[in-house]
Amino acid sequence: MKAIFFTLLLTLFFSCQSSDTKELKFVTLEASGKSINASYDFCSVVAIKHEYSYRINTWEFIVNDSIKIAEGPYINTLVTIDDHGGCPYSFFTDSIAIEKWSFWDLKGHRISPNQRLKNIITSKDTLWTMIDLSDSF
């Protein structure tokens, strides 16, 4: 909720700037795919339920509702922790194998991923509004 509020404030701030300043262009980036919500119990003096989500299968990252900039699968791994708390617990993680992903610039040309794209696909966020830095895609 805070992220949406901050994005709205940022958008309003830049849209209210005087016309003699250089105009900033914003893009909307949306992640689309399937997530699974799950939980596990961490045993301690009092059991604590941890809720989390992880991404599965293939995801797409789309700019401005139509331009695909990334697509690829998430790898799921079951992790079991048996040396913390009073009992073992397990949870799934998601990760990526970058070589199984495809990336495109805003003109549809295949590109190698830069750090900005890697940060986007490993983030848990699914919707961003950001300043258009076309040369960084």
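Presented here is a report on the structure given in the accompanying data block.

Basis of the calculations
- Residues numbered from 1 in each chain as written.
- Predicted model: local features only at pLDDT ≥ 70, side-chain atom pairs only at ≥ 80, totals over all residues.
- Heavy atoms only, no water.
- Helix = DSSP H or I, 4+ residues; strand = E, 2+ residues; numbered from the N terminus.
- Contact = heavy atoms within 4.5 Å.
- Areas by Shrake-Rupley, 256 points an atom, 1.4 Å probe, with all protein chains shown as cover.
- Salt bridge = Lys/Arg side-chain N within 4 Å of Asp/Glu carboxyl O.
- Buried < 20%, exposed > 50% of the residue type's maximum accessible area, 1.4 Å probe, protein only.

The next point concerns the overall build of the protein. Each helix and strand counted, the protein has 2 helices and 7 strands in total. Listed by position from the N terminus, the elements making up the protein come as α-β-β-β-β-β-β-α-β. Of the contacts made within the protein by residues no fewer than 6 positions apart, 51% connect residues no fewer than 24 positions apart. Summed over its atoms, the accessible surface of the protein is roughly 9,400 Å², and 56% of this surface lies on carbon and sulfur atoms.

Moving on: the pattern of salt bridges. A full pass over the atoms with the stated rule returns 3 salt bridges. Asp-94 is paired through a salt bridge with Lys-124; the nearest N and O atoms lie 2.7 Å apart. Taken together, the residues Asp-94 in strand E5 (residues 89-95) and Lys-124 in the loop between helix H2 (115-122) and strand E7 (127-131) connect sequence positions 30 residues apart. Since its relative accessible area comes to 48%, Lys-124 is described here as partly exposed.

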